[in-house]
Amino acid sequence: MEQELRKEARKLLEEVNVDYIVGFARGSLKFSTTPLITKDKEEVASLVISPFMVNNLARFLIEMPGRVGIVAKGCDSRSVVSLIQDNQVIRDKVVIIGVPCSGLIDIAKVEKLANKDRDEFDDITLQGEETVVIIGGQKTKFPTKDVLFAHCLGCESPTPKEYDILLGKPRDAIGDEALSRREIKQLEDMVPEQRWGFWKEQLSHCIRCYACRQICPACFCERCFVEESQPRWISSVSQWQDNLMFQVIRNIHVAGRCTDCGECERACPMNIPLRSLSKKMSELVDETFRYTAGIDKNEPALMTAYEHVEAEDLIM
Amino acid sequence: MATNNKKISKKDVAKLLDIWSQQFSVLVPSKKENVAGLAMWDGVDIGFLEWYRNTVIPPKANFLPSMEKMFSFKKDGDGYHIEIAQDEPKQLIFGIRPCDARGITMLDKVFTETYEDPYYVSKRKNTVLIGLSCTNPYDSCFCTSLGLKPTESADVDLMFTDIGDEFLIEEITDNGKELMGVASLVKQATKADDAKARTVKAAISDKVIRKLDTKETAKKLQACFSDKDYWEKVAAKCISCGICTFLCPTCFCFDICDELVKKQGARYRGWDSCSFRLYTNMPMENPREEKWRRVRQKVCHKYEFYPMNFDVIACTGCGRCTRLCPVNWDISQILSSLPASAASRSEK
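About the criteria used
- Residues numbered from 1 in each chain as written.
- Chains lettered and ligands numbered in written order.
- Predicted model: local features only at pLDDT ≥ 70, side-chain atom pairs only at ≥ 80, totals over all residues.
- Buried ≥ 20, exposed ≤ 12 C-beta atoms within 10 Å, placed from the backbone.
- Helix = DSSP H or I, 4+ residues; strand = E, 2+ residues; numbered from the N terminus.
- Pairing = 2+ DSSP bridges.
- Contact = placed C-beta atoms within 7 Å.
- Axes fitted to C-alpha atoms, helices over the stretch in contact; angles between N-to-C directions.
- Domains from an automatic or database assignment.
- Nonpolar A, V, L, I, M, F, W, Y, C, P; charged D, E, K, R; others polar.
- Parallel < 35°, antiparallel > 145°, perpendicular 65-115°, else oblique.
- Core = buried A, V, L, I, M, F, W, Y, C linked by C-beta atoms within 7 Å.

S.K.: If you had to explain the pairing of strand β6 (residues 91-96) of chain B to someone new, which residues and values would you point to?
M.R.: All names here are of chain B. For β6, a buried count of five out of six residues is recorded, marking the element as mostly surrounded by other parts of the structure. For strand β2 (residues 25-30) and β6, the ladder comprises three bridges, and the chain directions are parallel. The partner of L27 across the bridge, within β6, is I93. Pairing analysis gives five bridges linking β6 to strand β7 (residues 127-132), with the strands arranged parallel. Paired with I93 across the strands is L129, a residue of β7.

Laid out in structure tokens, this is it:
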């Protein structure tokens with residue numbers, strides 16, 4: 001599939017008038033990838049497809065000029081669609097190279113299970129329901145479900161639905177919604193005081209690096225409310241109350257846009273379980289509006305659409 | 001035969017920390033919070049001696065916290081009554097790595113030498129640093145390319161090196177010597193211990209596999225400063241978050257803000273980052289509006305501007321920026337790919 005991808009990407013640059021290719025290259029750390037953004041047709045030879053291609057590349061479309069060929073897993077493709085709905089991306093200006101996704105390996109989970117760091121692993125291979133990890137020549141097997149990102153376990157569209165080119169064979173969803181929302185269930189089972197305490201504690205760790213916002217394809221505001229000073233919505237002092245407010249408002253802003261790619265949680269250097277907020281918000285959006293983000297590019301974006309039947313007394 | 005060095009049995013480390021606890025707040029590497037950082041020693045657990053490679057949050061946070069109150073104020077008649085933050089308690093950091101200790105020396109140049117920052121100084125003068133040689137450097141570490149060794153430090157008071165069942169202790173400063181004076185658990189090291197330490201140290205230095213040639217870096221950076229195409233390419237995947245700067249042991253930028261509610265409030269300062277677009281925002285313009293200019297600033301500050309001011313590169317090769325970057329933006333890769341000669345392309 002990699003060879004095919006490289007061939008297609010080269011063709012796009014050479015023949016189809018695409019200015020940039022956005023994909024994944026091998027990263028500098030073991031078991032990592034890095035976004036490859038290039039207009040060099042030779043450089044596309046370093047494109048890779050792997051269970052470590054964690055970034056949601058749709059995020060880069062917001063800041064890129066010209067026509068872009070983008071490598072898209074299911075979640076990337078949904079985020080591209082969501083950006084099209086919000087008029088942030090023009091459909092004709094992107095060529096979506098769809099890549100069916102096997103589910104992504106969460107290296108932090110492997111590290112925890114094996115009690116080793118990523119640079120101490122010799123090899124990690126996804127083999128269907130088992131994942132083989134080799135450490136110092138010793139083979140250990142873990143259930144694949146234990147090493148995949150939680151969002152991958154519940155992903156409904158590992159194969160992109162919106163694409164121009166689809167590589168390889170479509171893949172089925174893993175469909176373990178219960179395991180995918182285990183952390184959320186744990187939070188739901190708490191009494192409100194406990195839950196409040198949990199988030200108070202977690203958000204006291206926030207250092208306001210804004211990686212959650214910067215990595216997110218749904219956070220496309222040119223100026224974030226955090227940076228407004230008239231009025232000032234939250235304090236720039238990193239204290240838990242304001243950190244909580246930041247996350248609450250951010251989640252309301254991405255409601256109907258978040259495709260549960262899990263990048264906010266993965267990027268967080270303080271390991272704050274941010275997906276428990278964003279996934280819950282997606283569920284509430286689904287329950288309340290029967291709406292799933294990034295499914296239909298021709299449908300108006302959730303928060304920009306209004307129908308007469310939705311009229312409430314307080315709205316004239 | 002005795003040497004200048006001391007040693008302590010590993011099983012006595014807890015007792016030693018106990019003795020020090022009577023005089024200092026003892027901080028050790030801890031995983032009790034979400035990520036590894038320094039935390040108050042609980043009086044029992046020395047498990048970190050097994051798992052500890054380095055912390056996620058660098059010890060700079062103990063001198064320049066991510067957020068600190070500078071003073072509080074209250075409306076008092078026509079003026080304000082100001083209450084300045086208290087002097088800091090005496091603290092002892094046990095287990096600091098040579099790279100992070102050097103990071104603090106770099107902060108000293110900014111906060112004590114060029115300008116005496118009372119908030120920094122009050123913590124710094126009350127802190128002793130006990131270094132701990134690395135045993136297992138990460139593949140992202142490159143301290144040896146910056147004139148450091150994972151097992152040597154001139155920036156600590158005492159330096160511990162694992163030599164099997166014992167730690168060899170080198171007394172680096174007079175403060176360090178004094179700390180040894182109170183501890184009856186400490187023995188004189190022998191020539192054989194010193195020899196063992198030398199072997200261990202050489203082996204560990206060899207484990208730092210990532211190499212970077214820094215001799216020409218400043219010159220090359222100067223030459224390619226206006227090469228917009230190069231910097232645009234290099235910056236393309238950066239997401240402009242604050243991770244690499246916030247968690248860098250040498251980055252020291254901060255922002256100051258006031259919190260005012262009903263005629264009383266406080267002034268705080270917290271980490272700021274040149275990666276943020278607003279960092280250089282001014283009413284009429286922003287000299288670093290574009291991402292590539294911010295990325296260039298970060299690299300040049302560490303490898304060109306700081307050396308111009310202080311004659312040393314503001315990077316200790318700890319590798320945090322590479323390990324923690326959500327897009328694997330790797331500074332040593334970038335520095336290795338700098339264009340060799342001056343570019344003729346113009347910035348505008």
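S.K.: Any details on the interface of chain A and chain B? Residues and values, ideally.
M.R.: Counting residues at the interface gives 29 residues for chain A and 34 residues for chain B. Counting only elements with at least two residues in the side of chain A that touches chain B, the list comes to β2 (33-38), α10 (211-214) and α12 (263-267) of chain A. Looking at the side of chain A that touches chain B, the element that brings in the most residues is β2 of chain A, giving three residues.

S.K.: Account for the sheet that holds strand β4 (residues 94-98) of chain A, naming residues and giving values.
M.R.: All names here are of chain A. Strand order in this open sheet of five strands is β2-β1-β3-β4-β8, and the pairing throughout is mixed. Two strands close off the open sheet at either side, each with one partner strand: β2 and β8 (165-166). Summarising the sheet, β4 and β8 pair through two bridges and their orientation is parallel. Looking at the pairing, I97 lines up with I165 of β8. Together, β1 (20-26), β3 (68-72), β4 and β8 form the strand contacts of helix α1 (residues 2-15), whose direction differs from that of β1 by roughly 155°.

S.K.: I'd like a rundown of the domain arrangement of chain B, residues and numbers included.
M.R.: Quite often, the size of an interface is put as the accessible area lost when its parts meet. Residues and elements named next belong to chain B. Domain annotation of chain B identifies domain 1 (2-63 + 88-206) and domain 2 (217-336). Its C-alpha centre places domain 1 at a distance of 28 Å from the equivalent point of domain 2. Every contact between the two is made by 21 residues of domain 1 and, on the other side, 17 residues of domain 2. The residue makeup of the side of domain 1 that touches domain 2, split by class, is 13 nonpolar, four polar and four charged.

S.K.: Provide a residue-level description of the domain arrangement of chain A, including the pertinent values.
M.R.: All names here are of chain A. Split by domain assignment, chain A resolves into domain 1 (2-106 + 148-310) and domain 2 (107-147). Computed over C-alpha atoms only, the centres of domain 1 and domain 2 are separated by 25 Å. When grouped by side-chain class, the residues that make up the side of domain 1 that touches domain 2 number seven nonpolar, one polar and three charged.

S.K.: Talk me through the packing of helix α9 (residues 192-203) of chain A against helix α11 (residues 240-253) of chain A; I want residue IDs and the actual numbers.
M.R.: Residues and elements named next belong to chain A. Where α9 meets α11, the axes come as close as 8 Å, and the angle between the chain directions of the two elements is 100°. Classified by the interaxial angle, the pair formed by α9 and α11 is roughly perpendicular. On the side of α9, the interface is formed by W199, K200 and L203, while α11 contributes W240, N243, L244 and Q247.

S.K.: Which residues make up the nonpolar core, and what values go with them?
M.R.: Ranked by size, the top nonpolar core spans 83 residues in total, and within it A211 and C212 of chain A together with I130 and I243 of chain B carry the most contacts. It is helix α3 (residues 98-114) of chain B that contributes the most residues to this core, five residues altogether. Not counting residues up to four positions away in its chain, the partners in contact with I243 of chain B are C209, A211 and P269 of chain A together with L324, C325 and P326 of chain B. Core analysis: the next-biggest nonpolar cluster, separate from the first, contains 57 residues, L61, I84 and C152 of chain A together with V295 of chain B among them.

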